[in-house]
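Residue-level listing of the chains:
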Amino acid sequence: MIVTHINPDGDAIGSAMGVYHFLKGLGTKPEVIIPNDMPGFLKWLPESSAIKVFSRNKKKATRIIKDAGTVLFLDFNSLDRTGEMKESLLSTSAFRMLIDHHPGPEVPAEYVLSDINVSSTAELVFRFIEWLGKVDLVTPVVAECLYTGIMTDTGCFSYNSSKPGTYKVLSKLLEKGIDKDKVYDKVYDNFSENRMRLLGYCLDKKMVVMPGYKTAYISLTKKEKEKYGFAIGDSEGFVNYPLSIKGIEFAVFFMENDKNVKLSFRSKGNFNVNEFSRKHFGGGGHYNASGGESGLSMDETISKFCGLLPRYFQND
Ligand code: 5GP
Ligand code: MN
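Residues numbered from 1 in each chain as written. Chains lettered and ligands numbered in written order. Predicted model: local features only at pLDDT ≥ 70, side-chain atom pairs only at ≥ 80, totals over all residues. Heavy atoms only, no water.

On to the side chain of T215, then. Tracing the backbone shows T215 in strand β8 (residues 215–220). Assessed through its relative accessible area of 0%, T215 is described here as buried. Here the side chain of T215 touches Y213 through a polar contact of 2.7 Å, landing on its backbone oxygen. Residues in contact with T215, not counting those within four places in the same chain, are V208, V209, M210, I248, F250, F305, L309 and F313. (Helix = DSSP H or I, 4+ residues; strand = E, 2+ residues; numbered from the N terminus. Buried < 20%, exposed > 50% of the residue type's maximum accessible area, 1.4 Å probe, protein only. Polar contact = N/O pair within 3.5 Å; in protein donor to acceptor, adjacent residues only side chain to side chain. Contact = heavy atoms within 4.5 Å.)

As a benchmark, a tetrahedral metal site with four donors has ideal angles of 109.5 degrees, while an octahedral site with six donors has ideal angles of 90 or 180 degrees. Surrounding the manganese ion (ligand 2) are the protein donor atoms D11 (OD), D75 (OD), H101 (NE2) and D153 (OD), which sit 2.2 to 2.4 Å from the metal. Binding-site remark: the manganese ion (ligand 2) is held by donors from one chain whose sequence spacing is D-x63-D-x25-H-x51-D. Residue D75 is located in the loop between β4 (70–74) and α3 (86–90), and its partner H101 is located in the loop between β5 (95–100) and β6 (111–114); the two are separated by 26 residues in the primary sequence. Taken individually, D75 and H101 each receive the classification buried, so the pair is uniform in this respect. (Donors = N, O, S within 2.8 Å, 3.2 Å for Na, K, Ca; no water.)

Taken together, 13 residues are adjacent to ligand 1, and R81, H102, K262, S264 and R266 come closest. Within the side chain of R266, one N or O atom sits 2.8 Å away from an oxygen atom of ligand 1. In the model, an oxygen atom of ligand 1 is placed 3.2 Å from a nitrogen or oxygen of the H286 side chain. Calculation on ligand 1 without its partners gives an accessible area of 490 Å², and the protein chains cover 80% of this total. Those elements that provide at least two residues to the shell around ligand 1 are β10 (261–267), β11 (284–285) and β12 (289–294). Here the shell around ligand 1 takes four residues from β12, the largest share from any one element. Of the residues contributing to the shell around ligand 1, the split by class is one nonpolar, nine polar and three charged. (Near = heavy atom within 4 Å. Areas by Shrake-Rupley, 256 points an atom, 1.4 Å probe, with all protein chains shown as cover. Nonpolar A, V, L, I, M, F, W, Y, C, P; charged D, E, K, R; others polar.)

As a further point, take the environment of A231. Position of A231 among the secondary structure elements: in the loop between α9 (222–227) and β9 (250–256). Taking relative accessible area as the criterion, A231 reaches 36% and is therefore assigned partly exposed. The spacing of A231 and G40 is 191 residues in sequence and 8.3 Å in space, taken between C-alpha atoms.

Here we come to the pattern of salt bridges. Taken as a whole and assessed by the stated rule, the structure comprises 15 salt bridges. Among the ionic pairs, K58 bridges to E84, the shortest N-O distance being 3.1 Å. Remark: E84 occurs in the loop between β4 and α3 and K58 occurs in helix α2 (residues 58–67); sequence separation between them is 26 residues. The exposure class assigned to K58 is partly exposed, which follows from its relative accessible area of 39%. Each member of the salt-bridge network shares a partner with another, and the members are D37, K43 and R56. (Salt bridge = Lys/Arg side-chain N within 4 Å of Asp/Glu carboxyl O.)

With that settled, consider the domain arrangement of the chain. If you check the domain split of the chain, you get domain 1 (2–188) and domain 2 (193–312). Taking only C-alpha atoms, the centre of domain 1 and the centre of domain 2 are 26 Å apart. Contact with domain 1, which involves 13 residues of that partner, is made by nine residues of domain 2. Each partner contributes to the roughly 790 Å² buried at the junction of domain 1 and domain 2, and carbon and sulfur atoms together form 53% of this total. The largest per-residue losses of area from domain 1 upon contact with domain 2 belong to F41, H102 and P103, which jointly make up 36% of the total buried on that side. Connecting domain 1 to domain 2 are zero salt bridges. For the interface between domain 1 and domain 2, the tally reads one residue pair in polar contact (both at pLDDT 80 or more). The class makeup of the residues in the side of domain 1 that touches domain 2 is five nonpolar, six polar and two charged. (Domains from an automatic or database assignment. Buried area = accessible area lost by both parts, 1.4 Å probe.)

The structure is reproduced here in structure tokens:
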């Protein structure tokens with residue numbers, strides 16, 4: 001059984017489906033379970049409809065977890081990242097494995113492959129398959145899934161992608177005969193009209209720029225989401241846009257959900273947003289990309305956030 005984190009992204013789903021197809025090639029019967037639904041722009045991945053969503057059918061998913069002989073955790077460093085699945089995962093008697101690239105792994109597992117120096121979990125999965133001596137079982141479909149993970153976790157090779165090793169893996173994936181332009185098109189040219197208009201609205205009306213603090217943020221309320229027929233995944237990538245403004249080094253996206261306000265942080269250079277998120281918003285992630293949450297209202301969350309800025313940036 002393969003498990004990824006809540007609000008799964010391209011690396012989580014790409015890695016999971018890559019391993020899924022690889023294991024099927026080995027003659028086993030893998031199951032992929034994700035805590036909540038995945039964004040539409042990943043649903044083209046072959047057989048992604050076989051993925052079980054825990055929040056949709058807890059009974060069935062819990063039974064699969066119970067019956068699993070081996071559980072593979074992918075792309076997260078703490079079971080807290082599996083939301084409501086955490087409890088059943090804690091009580092499993094299966095052999096547990098972790099493959100991940102987040103700092104400070106604390107997932108209970110018999111086998112841990114964790115490296116913060118790789119671009120993505122998908123890259124690490126490929127390296128793992130290489131160590132197994134099973135690259136011949138990397139079919140074009142496996143390669144396509146892993147390529148999707150690397151491409152999305154590096155923002156199309158714009159960050160987390162300075163190491164030559166990443167390109168060696170990419171080169172081997174391309175040798176398997178994947179169509180990289182098709183993957184790009186499926187992921188990035190696959191948005192709904194609503195999503196594009198929502199992005200326009202966010203940039204025009206909802207982006208607040210504070211040049212003195214080298215910071216800019218975008219906030220989105222439940223009401224605004226409803227107005228634009230918001231679907232899961234529609235705000236993917238919004239947090240990156242403010243970083244394109246000259247002089248901005250810290251970007252934040254606030255999104256109101258039913259139970260909380262979800263925060264996404266991105267930075268350029270030497271501002272550690274993993275630490276910032278852990279310290280102030282109960283979250284974590286990577287040095288330049290992290291997330292957290294807040295139980296306060298949107299306005300209170302933004303006030304809290306703005307109140308923190310003078311501690312980190314000189315207003316000049
Ligand atoms: P995103 O902003 O795209 O949701 O997440 C960016 C990074 O932060 C990802 O590596 C993700 O795993 C991590 N992350 C996002 N939300 C949370 C959270 O609530 N807790 C923790 N620990 N990490 C998070
Ligand atoms: Mn990742």
